[in-house]
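# Structural features, examined
Next come the chains, spelled out residue by residue.
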Amino acid sequence: MRIVVLAGGIGGARFLRGLQQAAPDDAVITVIGNTGDDIHLFGLKVCPDLDTVMYTLGGGINEEQGWGRRDETYLVKEELAAYGVGPEWFGLGDRDFATHIVRTQMLDAGYPLSAVTEALCERWKPGVRLIPMSDDRIETHVAVTLDGERRAVHFQEYWVKLRASVDAHAVVPVGAEQAKPAPGVLEAIAEADVILFPPSNPVVSIGTILAVPGIREAIAEAGVPVVGLSPIVGDAPVRGMADKVLAAVGVDSTAAAVAEHYGSGLLDGWLVDTVDAGAVEHVEAAGIRCRAVPLMMSDLDATTQMAREALTLAQEVRA
């Protein structure tokens, strides 16, 4: 079985851990990772979502916070702050710095991000093929009003510094329109037996991947089951502030609304949590097969069962 997964950061990475347990032993899992969250800090290229997938599946993640390295120290950040060098709101640890230094050195030497990611994964051995959505620079920016002035800020500033405390007027993946899918992305989609959308942010994670020209079209034309899992449970995000960016694109924070946002032209199946069982009929009326199952990733067993349910729904759709 060849499985393609579009993944953001924490939610996507944790789902992938369950998928590895649920998938057949000979399954080949290809992960197309979001790079819209990427940011340049201290002269280094930082890829938060790619690293979260790599660290989580490679056994190096800080389990409590879901991002960054475990057993982390912050001496470099403290020294930079002593020099008055910021931003102080973005927490890069000493171990994490090493990853960004290696990545930046390789990029500066002329290697594309996809090749650099493959090289970094040689150390972590995540058990999946991790490909960035594009080798081209794409950065998600958010239009907000601050101090009475409308301006655009990098998504990391909106999410981490501002904690999405102000309304988002628009979300724009800057550079996406001119970007190309990274080598291997379209091929993996064309060769897939099933494509999964994990409970990642539908706007700034999966939505940004789909904004790269050719990816949405390839998925829609792949002719294989495309199944998603709702990141909204009980009309609220399971984690983070997805409701803020959903509002910016005119989508209600409900499991049914997110399914319709993706659309029946893209999705074949959709899993909602049992508390949202009332949405099943509405989603199916929109032409998307829907099932209500537990969707809280409380532990590995629960996450594995979620992945099994997604693969089962894919088989139902195929039949």
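Preceding this paragraph is the structure being described.
Quick look at the structure, then. (Residues numbered from 1 in each chain as written. Predicted model: local features only at pLDDT ≥ 70, side-chain atom pairs only at ≥ 80, totals over all residues. Heavy atoms only, no water.)

## Some details on the sheet that holds strand β1 (residues 2–7)
Here seven strands make up an open sheet; going across it, the order is β5-β2-β1-β9-β10-β13-β14 and the pairing parallel. Each edge of the sheet is formed by a strand with only one pairing partner; in this case those strands are β5 (129–132) and β14 (289–292). The average undirected angle you get between the axes of adjacent strands in this sheet is 20 degrees. With three bridges joining them, strand β10 (residues 226–229) and strand β13 (residues 269–272) adopt parallel strand pairing. The partner of V227 across the bridge, within β13, is G269. Set on the sheet, helix α13 (residues 300–318) makes contact with β1, β9 (194–197), β10, β13 and β14; between it and β13 the angle comes to about 145 degrees. (Pairing = 2+ DSSP bridges. Helix = DSSP H or I, 4+ residues; strand = E, 2+ residues; numbered from the N terminus. Axes fitted to C-alpha atoms, helices over the stretch in contact; angles between N-to-C directions. Contact = heavy atoms within 4.5 Å.)

## Remarks on the nonpolar core
Among the nonpolar cores identified, the biggest contains 58 residues, and L6, Y158, I195, F197, I219 and W270 are the most heavily contacted of them. When residues of this core are assigned to their parent elements, the largest contribution, six residues, is made by helix α11 (residues 255–262). With residues near it in sequence (within four places) discarded, F197 still touches L6, I206, L210, I219, V226, V227, G228, L229, Y262, L266 and L267. Listed in part, the 40 residues of the second largest apolar core include L16, A27, M54 and L313. (Core = buried A, V, L, I, M, F, W, Y, C linked by side-chain atoms within 4.5 Å. Buried < 20%, exposed > 50% of the residue type's maximum accessible area, 1.4 Å probe, protein only.)

So yeah, pure geometry; function would need other evidence.
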